[in-house]
Amino acid sequence: QRQVKIIDATLREGMQSAGGTFSVEQSIEVALQLAGCGVATVECGHPGIGSEELYRVSAVVDALEGRIPVLGHARALEADVDAVAKSGAEWVGIFLGVNPLSMASRMPGCSRDDLFRRIEESVSCARERGLAVRFTVEDGSRTDLEVMLEANAIALAAGAARVCLSDTVGILEPTRIAEVVQSLRAAVGQADLEVHLHDDRGLAMANALAAMDAGANWISTSVNGLGERAGIVDLTTLLANLAYRDGRELPAGETMRDLSRRVGAYSRSAPDDRRPVVGANAFRHVAKLHVTAVGRDPETYEWIDPARFGVERVLGGNPLPPVPNEWIVNPPIISAEELRYHRAGPGDRFVLVDERFVPGSGQYCIARRIPRLDEYGAGH
Ligand code: HCA
Ligand code: CU
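Quick caveat, the model's predicted, so the values are computed rather than measured. (Residues numbered from 1 in each chain as written. Chains lettered and ligands numbered in written order. Predicted model: local features only at pLDDT ≥ 70, side-chain atom pairs only at ≥ 80, totals over all residues. Heavy atoms only, no water.)

Engineer: Please give an account of the overall build of the chain that cites residues and values.
Structural biologist: Scanning the chain for helices and strands turns up 12 helices and 13 strands. For 380 residues, the compact-globule formula gives about 21 Å, and the C-alpha radius of gyration of the chain, at 22 Å, lands near that figure. Taking the principal axes of the C-alpha coordinates as reference, the chain spans close to 70 × 45 × 40 Å. Across the chain, contacts joining residues at least 24 apart in sequence account for 69% of those joining residues at least 6 apart. For the chain, the exposed surface amounts to about 17100 Å²; the carbon and sulfur share of it is 51%. (Helix = DSSP H or I, 4+ residues; strand = E, 2+ residues; numbered from the N terminus. Rg over C-alpha atoms; globule rule 2.2 N^0.38 Å. Contact = heavy atoms within 4.5 Å. Areas by Shrake-Rupley, 256 points an atom, 1.4 Å probe, with all protein chains shown as cover.)

Have a look at this one:
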């Protein structure tokens, strides 16, 4: 089995999340960190949207200095493909829906043959511009398999290097995606095969692993799973899974945690303490029974050695007094040092609303809320 490669789409799919957009500077920071995380390609933006987006994508291309390639997103239209070529990105990701749902709602009057012609033309156009091409049937999981296979075959014949199965609304289950990927793999032979999986049913990660086993060799991710609605496959959790299953080498834990925190702040989302690996509680043991057992032999309650992520396990954390009802968003338990950070006030990631010392623990329980846009300071 080939080593699976990761294309991280934080700077494209993640821009389609509720938390807002990434500035040029933020995009560059994130792209450079992604390059240090073993990601094979950075998917960034949709240059056809306008000049600002085109500028953001070219800035990321320049900053990466060819360390890893950039892929820009494009509809199956010459203008969109041209914009990607202008950005300097090496790859274009062309997508087109070919099922009755997308045809009726977005391309009334277009026959399937018209759409197939558009695939042929846009892929050829991209090849003429010197771009490498990934082709995606949008909403592939709700598209008739034969139709998807035909669309892919047209794209590959026109020079696409990779096709992508898109579970645009996150409906697949592991057993089903395995069947679909096997059919796609049989049809595309040795060509690269990617999967782009939304998490609407909470199955994106399970589907990614099933797809890998069935023959997909590229997985599309984003940091913190950021994306439309419930998002897509989470990058750092996937990396941890690959380390666990396949012994794949991990990037430095500090880089992963920093990336997660950074993208969390840039996307105005509260930290997810329970997120695998990078969450504050990912390696915290609470029950006395667990704490005692882990003290003797960590393996008793650990799936993987936190030292592999450069993290120390945390023992204890409870019992704490119940949090009063009126305490608002996400009251976490933090150290005195972290409290000083939160006291720094507006311009920070959160606005501190209330704080309370937890007796005997040296820690504080705080209430905070996500700042309104006008409360964000410079640098955020
Ligand atoms: C979108 C849809 C997409 C495309 C994926 C791809 C999806 O937001 O435009 O081009 O590979 O989920 O189908 O993200
Ligand atoms: Cu998507």
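Engineer: Help me get a handle on the coordination of the copper ion (ligand 2), residues and values and all.
Structural biologist: Taken together, Glu13 (OE), His196 (NE2) and His198 (NE2) make up the full set of protein donors to the copper ion (ligand 2), lying 2.1 Å away. Within one chain, the residues serving as donors to the copper ion (ligand 2) are arranged as E-x182-H-x1-H. Placement of Glu13 in the loop between strand S1 (5-11) and helix H1 (24-35) and of His198 in the loop between strand S7 (192-197) and helix H8 (204-214) is noted, with a sequence separation of 185 residues between them. Under the relative-accessibility criterion, His198 is labelled buried at 4%. (Donors = N, O, S within 2.8 Å, 3.2 Å for Na, K, Ca; no water. Buried < 20%, exposed > 50% of the residue type's maximum accessible area, 1.4 Å probe, protein only.)

Engineer: An account of the layout of surface pockets is needed here, citing residue identities and associated values.
Structural biologist: Empty space within the second largest pocket amounts to approximately 330 Å³. In this structure, the second largest pocket is lined by 21 residues; those nearest its centre are Arg12, Glu13, His73, Phe95 and Glu138. In terms of residue count, strand S5 (residues 132-138) provides more of the lining of the second largest pocket than any other element does, three residues in total. (1 Å grid on protein atoms, 1.4 Å probe; cavity = no way out; pocket = protein on both sides within 12 Å on 5 of 7 lines; lining within 4 Å. Points joined across faces, edges and corners; volume = space filled by probe spheres on them.)

Engineer: I'd love a proper account of the pattern of salt bridges, names of residues and values included.
Structural biologist: Counted by the stated rule, this structure contains 26 salt bridges. Note that Glu194 is salt-bridged to Arg162, the shortest N-O span being 2.8 Å. Taken together, the positions of Glu194 in strand S7 and Arg162 in strand S6 (residues 162-167) put the pair 32 residues apart, joining distant regions of the chain. Residues Glu194 and Arg162 agree in their burial class; the two are buried. A salt bridge links Arg229 to Asp200, with the nearest nitrogen and oxygen atoms 2.7 Å apart. Within this pair, whereas Arg229 is found in the loop between strand S8 (218-221) and helix H9 (235-246), its partner Asp200 is found in the loop between S7 and H8, the two being separated by 29 residues in sequence. By sharing partners, the salt bridges in this structure join Arg12, Glu13, Glu43, Arg134, Arg162 and Glu194 into a single network. (Salt bridge = Lys/Arg side-chain N within 4 Å of Asp/Glu carboxyl O.)

Engineer: Before we move on, could you go through the site of ligand 1 and cite the residues and values that matter?
Structural biologist: Around ligand 1 lies a shell of 13 residues, among which Gln16, His73, Thr136, Ser166 and Thr168 are the nearest. With respect to ligand 1, the side chain of Thr168 contributes an N or O atom lying 2.6 Å from an oxygen atom. Contact between ligand 1 and His196: an oxygen atom at 3.1 Å from a side-chain N or O atom of the residue. The cavity that encloses ligand 1 is the second largest pocket. At the level of elements, S5 and S6 are the ones that each hand at least two residues to the shell around ligand 1. With three residues, the top contributor of residues to the shell around ligand 1 is S5. A class-by-class count of the residues in the shell around ligand 1 yields two nonpolar, seven polar and four charged. (Near = heavy atom within 4 Å. Polar contact = N/O pair within 3.5 Å; in protein donor to acceptor, adjacent residues only side chain to side chain. Sits in = over half its atoms within 2 Å of the grid points. Nonpolar A, V, L, I, M, F, W, Y, C, P; charged D, E, K, R; others polar.)

Engineer: Residues and numbers for the nonpolar core, please.
Structural biologist: Counting residues in each nonpolar core, the largest one holds 90 residues, and the members touching the most others are Ile94, Ile119, Phe135, Leu165, Val181 and Phe309. Of all the elements, H8 adds the most residues to this core, at eight residues. Not counting the four nearest positions on each side in its chain, Ile94 is found in contact with Ala74, Arg75, Ala76, Val81, Ser122, Val123, Ala126, Val133, Arg134, Phe135 and Thr136. (Core = buried A, V, L, I, M, F, W, Y, C linked by side-chain atoms within 4.5 Å.)

Engineer: Which residues make up a negative patch on the surface, and what are the values?
Structural biologist: Taken together, the side chains of Asp113, Asp144, Glu146 and Glu150 make up a negatively charged region of the molecular surface. You can see Asp144 is positioned in the loop between S5 and helix H6 (145-157). The partly exposed category is assigned to Asp144, whose relative accessible area is 48%. (Patch = residues over 30% accessible without salt bridge, like charges linked within 9 Å, V, L, I, M, F, W, Y side chains within 5 Å. Lys, Arg positive; Asp, Glu negative; His and termini not counted. Charge placed at Lys NZ, Arg CZ, Asp CG, Glu CD.)

Engineer: Any details on the environment of Glu312? Residues and values, ideally.
Structural biologist: Within the secondary structure, Glu312 is located in the loop between helix H11 (288-296) and strand S10 (314-315). Judged by its relative accessible area of 68%, Glu312 falls in the exposed class. It is 29 Å that separates the C-alpha atoms of Glu312 and Val4, two residues lying 308 residues apart in sequence.

All we've got here are geometric facts, nothing functional implied.
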